[in-house]
There are 2 protein chains.
Amino acid sequence: MDDDTPPFFYVMRYASEAEGDVIDMVSGNPDWEPPEALREGLREYAGAEPDEFQYPPSVGLDELREEIAQRRGVDISQVVITNGAGEANHLAMAGGLEAMDGNEIIAADPVYPYYDGRISLLGAEKTLVAVDENGHLDAETVREHASEETAVIVVNSPNNPMGVTYDGETIEGLVDVAEEYDALLVSDEVYDHFDYSGKFTSALSVDSPNYVVTNAFSKSMAITGWRVGYAIFPHPDSPSPYGGLVDRARTRHMLTNVAISRPAQTAVLRALRETGPEYYEASREMLEERIDRFTDALDAAGAEYTKPEGAFYVMARFPEMPGTMANIEKLIDEAGVAGMPGDAFGDSRADWMRFALVTPRAEEAAQRLDEYFE
Amino acid sequence: MDDDTPPFFYVMRYASEAEGDVIDMVSGNPDWEPPEALREGLREYAGAEPDEFQYPPSVGLDELREEIAQRRGVDISQVVITNGAGEANHLAMAGGLEAMDGNEIIAADPVYPYYDGRISLLGAEKTLVAVDENGHLDAETVREHASEETAVIVVNSPNNPMGVTYDGETIEGLVDVAEEYDALLVSDEVYDHFDYSGKFTSALSVDSPNYVVTNAFSKSMAITGWRVGYAIFPHPDSPSPYGGLVDRARTRHMLTNVAISRPAQTAVLRALRETGPEYYEASREMLEERIDRFTDALDAAGAEYTKPEGAFYVMARFPEMPGTMANIEKLIDEAGVAGMPGDAFGDSRADWMRFALVTPRAEEAAQRLDEYFE
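Conventions and cut-offs
- Residues numbered from 1 in each chain as written.
- Chains lettered and ligands numbered in written order.
- Predicted model: local features only at pLDDT ≥ 70, side-chain atom pairs only at ≥ 80, totals over all residues.
- Domains from an automatic or database assignment.
- Contact = placed C-beta atoms within 7 Å.
- Helix = DSSP H or I, 4+ residues; strand = E, 2+ residues; numbered from the N terminus.
- Pairing = 2+ DSSP bridges.
- Axes fitted to C-alpha atoms, helices over the stretch in contact; angles between N-to-C directions.
- Nonpolar A, V, L, I, M, F, W, Y, C, P; charged D, E, K, R; others polar.
- Least-squares fit on C-alpha atoms with pLDDT ≥ 70 in both.
- Buried ≥ 20, exposed ≤ 12 C-beta atoms within 10 Å, placed from the backbone.
- Core = buried A, V, L, I, M, F, W, Y, C linked by C-beta atoms within 7 Å.
- Arc of directions from axis to C-beta.
- Parallel < 35°, antiparallel > 145°, perpendicular 65-115°, else oblique.
- Left-handed = near helix turned anticlockwise from the far one by under 90°.

A short note on the domain arrangement of chain A
Residues and elements named next belong to chain A.
Piece 1. Taken as a whole, chain A is organised into domain 1 (7-34 + 277-372) and domain 2 (54-274).
Piece 2. Taking only C-alpha atoms into account, the centre of domain 1 sits 26 Å from that of domain 2.
Piece 3. Taken together, the contact pairs 27 residues of domain 1 with 31 residues of domain 2.
Piece 4. Elements represented by at least two residues in the side of domain 1 that touches domain 2 include exactly helix 10 (277-300) and strand 10 (313-317).
Piece 5. It is helix 10 that contributes the most residues to the side of domain 1 that touches domain 2, 4 residues altogether.

A short note on the sheet that holds strand 4 (residues 125-130) of chain B
Residue and element names in this part refer to chain B.
Piece 1. A sheet is described by the order of its strands in space; here 7 strands give the open sequence 2-8-7-6-5-3-4, paired in mixed fashion. On the outer flanks of this sheet lie strand 2 (79-82) and strand 4, each paired with one strand and no other. Across the sheet, the mean angle from the axis of one strand to that of its neighbour is 20°, orientation sign disregarded.
Piece 2. Both strand 5 (residues 150-156) and strand 6 (residues 184-188) contribute to a ladder of 5 bridges, which runs parallel. Counterpart to Asn156 in the pairing with strand 6 is Asp188.
Piece 3. Along the sheet, helix 4 (residues 84-99) makes contact with strand 2, strand 3 (104-109), strand 5, strand 6, strand 7 (211-216) and strand 8 (229-232), crossing strand 7 at roughly 165°.
Piece 4. Most of the contacts of helix 8 (residues 245-257) go to strand 2, to which it runs at about 25°, and overall it touches strand 2, strand 7 and strand 8.

Describing the interface of chain A and chain B
Piece 1. Taken residue by residue, the interface counts 48 residues in chain A and 48 residues in chain B.
Piece 2. Contributing elements (two or more residues each) for the side of chain A that touches chain B: helix 2 (36-46), helix 4 (84-99), helix 5 (113-121), helix 8 (245-257) and helix 9 (262-274) of chain A.
Piece 3. Top element by residues in the side of chain A that touches chain B is helix 8 of chain A. It accounts for 5 residues.
Piece 4. Broken down by class, the residue content of the side of chain A that touches chain B amounts to 23 nonpolar, 14 polar and 11 charged.

Details of the relation of the copies chain A and chain B
Piece 1. The two copies are related by a screw motion: chain A maps onto chain B through a turn of 180° and a shift of 0.0 Å along the axis, at an RMSD of 0.0 Å. Both copies are brought into coincidence by an operation consistent with a two-fold rotation axis. Closest approach to the rotation axis among the C-alpha atoms of chain A is made by Arg43(A), whose C-alpha sits 2.6 Å away.
Piece 2. Residue by residue, 100% of the interface of chain A is reproduced at the interface of chain B, so both copies engage with the same surface.

So, the pairing of strand 10 (residues 313-317) of chain B
All names here are of chain B.
Piece 1. By the criterion of burial, strand 10 is predominantly enclosed, with 4 of the 5 residues buried.
Piece 2. The pairing of strand 9 (residues 304-305) with strand 10 spans 2 bridges and is antiparallel. Bridged to Glu304 within strand 10 is Arg317.
Piece 3. Across 4 bridges, strand 10 lies against strand 13 (residues 353-356) in antiparallel orientation.

Here we look at the nonpolar core
Piece 1. Membership of the largest hydrophobic core comes to 256 residues, with the highest contact counts inside it found for Val152(A), Ile153(A), Val268(A), Val152(B), Ile153(B) and Val268(B).
Piece 2. Apart from residues no more than four positions distant in its own chain, Val152(B) is found in contact with Met93(B), Gly96(B), Leu97(B), Met100(B), Ile105(B), Ala183(B), Leu184(B) and Val186(B).

Notes on the sheet that holds strand 8 (residues 229-232) of chain A
Residue and element names in this part refer to chain A.
Piece 1. The sheet built from 7 strands is open, its strands ordered 2-8-7-6-5-3-4 with mixed pairing. Taken across any chain shown, the strands that pair with only one partner, and hence form the sheet edges, are strand 2 (79-82) and strand 4 (125-130). Each neighbouring strand pair of the sheet contributes to a mean axis angle of 20°, computed without reference to strand direction.
Piece 2. Relative to strand 8, strand 2 runs antiparallel, the two sharing 4 bridges. Following the sheet pairing, Val80 is matched in strand 8 by Ala231.
Piece 3. Of the strands in this sheet, strand 2, strand 3 (104-109), strand 5 (150-156), strand 6 (184-188), strand 7 (211-216) and strand 8 touch helix 4, which is tilted by about 165° from strand 7.

Side note on helix 3 (residues 62-72) of chain A
Residues and elements named next belong to chain A.
Piece 1. Of the positions making up helix 3, those classed as buried are Leu64, Arg65 and Ile68. The buried residues of helix 3 all sit within an arc of 100° when viewed along its axis, so they share a single face. Exposed and facing more than 90 degrees away from the buried side of helix 3 are Asp62 and Gln70.
Piece 2. Buried residues belonging to helix 3 abut strand 2, strand 8 and helix 9.

Observations regarding the packing of helix 4 of chain B against helix 8 of chain B
All names here are of chain B.
Piece 1. Between helix 4 and helix 8, the least distance of the axes is 9 Å, while the angle of their chain directions is 125°. As the angle between them shows, helix 4 and helix 8 are arranged oblique. Like other packed secondary-structure pairs, helix 4 and helix 8 cross with a definite hand, here right-handed. For the pair helix 4 and helix 8, contact is made by Glu87, Leu91, Ala94, Gly95, Glu98 and Ala99 and by Leu245, Arg248, Ala249, Arg252, His253 and Asn257, respectively.
Piece 2. Across the contact of helix 4 with helix 8, the residue classes break down as 5 nonpolar, 3 polar and 4 charged.

Below, the structure written as structure tokens:
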């Protein structure tokens, strides 16, 4: 997802042109098998009648929306199927900016680069709130930065790039801030299946019309390239302007994309129905083990880091090796490990580096770092 | 594609709730088989390695872009793969409006409803130019309406809803107007495989930086629900602001959609490579035959109509039965044929009706109309 933004592209190319063997810890692409039912669903769809190859409803296949609504405990009218979490976030942020008073969007620093880019695309005023020393976004700090100008607050938990999970108190606090300033909280929960802390709390647990939850099957089913996500908007019966957000999103979605690719929607529906919790459990356990090995190596290397509580990223700071692009290149050339410089994500962790643990060679990378910093 | 906009939705529902059997001539969904290589491509992809399920390049799969660039005689840097022609038109219109001076978008009347909606979404000033008595858009009439305020002119040839094909002279004339007013012509050529007149001329034949060509595989491969389209922008080396349009579109595309669904892109690539001209020829011939039968029935019914030269729509006016919603309902109830009221497409053909010929029952519908108007 990040691979097309300039610093990501630069590091990927530098790593691919390096002389030695380099372990890619740059991109956030799952490296494990998708659910078997997903492959079966796509095979079956390949033999469908021609009418099943035509426009699905713009808002998404009825059965997929119904399945999501039931699982998430919301009304089907609140669900819009999107081109991955990317479009879900775009619709929520664009609609919130339009419908709420004020022209400011608040996000955490370090920030997921797509939020940053989208804020610029939408012509909003950007306020980044630095995370605390544990990598968490503190709701009270957000409150200090918020004002009547605030239209949208966008957060990601479990988080990219910090790897932390916000607890229920934080999420409630953030909804409170949104309510206080008549703003919209966009809660991007795309890593919800990858919480190792037990703390993950969806914004859906809070009774308020002041948030939109976004999600996708990209990470949980290891299909970032298939582009099936969704947004859950406030119920249409919610007071104005919140109740109107879903219609606003449906219109924007229709006029931008018309509809979402039907082969992918159809296969995801089948996988959603037929895949048991053991599938998600297995990838979570595998990642947790990788994280343990990798953070052991960071300990051995004397690095400072935020222990991942969720997602599959680690941010770390090595002694006497700040996370500049020059040092990223040095680590590629001399240790054979490619990470991302911290300043690709903002200012607050600019001298850190980010490593994505979605490679079967994560343990080997840990050993290389161990030896390099020995 | 139109099925979600209010008047289309209303007619579809009215028809489905009618007592008798109704032939649907409302929606523009192809009713024939897709290329066999498309089904094979999807089946093969279902068994691919997990890394082929991850993010493709945001701008589209390299091989698909290369294949399109070669076929269309353009540089690969000009090609952006989009979520169908819908997103291609959105990117071209939004980018043109941003980059060109002025805030006006010109389109034909009758207008394809998505252009109309997009003009509103983008906050542009809308100018609809009525087609001539033959259903054609006259470049000189467009010139009379154009001004320094004009940023974008969007046209569709072969055309929905008129069923006409603009000739080379018209396309050149429209590019001329765009050049004269430093505007951008968006030439939507999604029906290019369905030209019965031999007159179809792509804007790509004109040497100018003042246009974007949009297209998709939705109609030509009978896969409107798969959402694979493309836009061809002016070469990046073109003078400013035209040379910058492709980068602008890539950024907007990335921040809106991240990337396009990879199962669909992969299968379309295979179908594009392996499907010979006889496939496209067969659907064109079948449609041409349907059109002949249908217009014979219109002749017998004493209707006025524009003889289709392309696409698969017919606009017609029956004697003493203007194309109001009430008469559309009457035709559903009394003749068992569902069309669309002309005013769903603007003012200039408001008392006409539009019929989509993408149903195997087109001939039966013709007979029903014959008998009804006897």
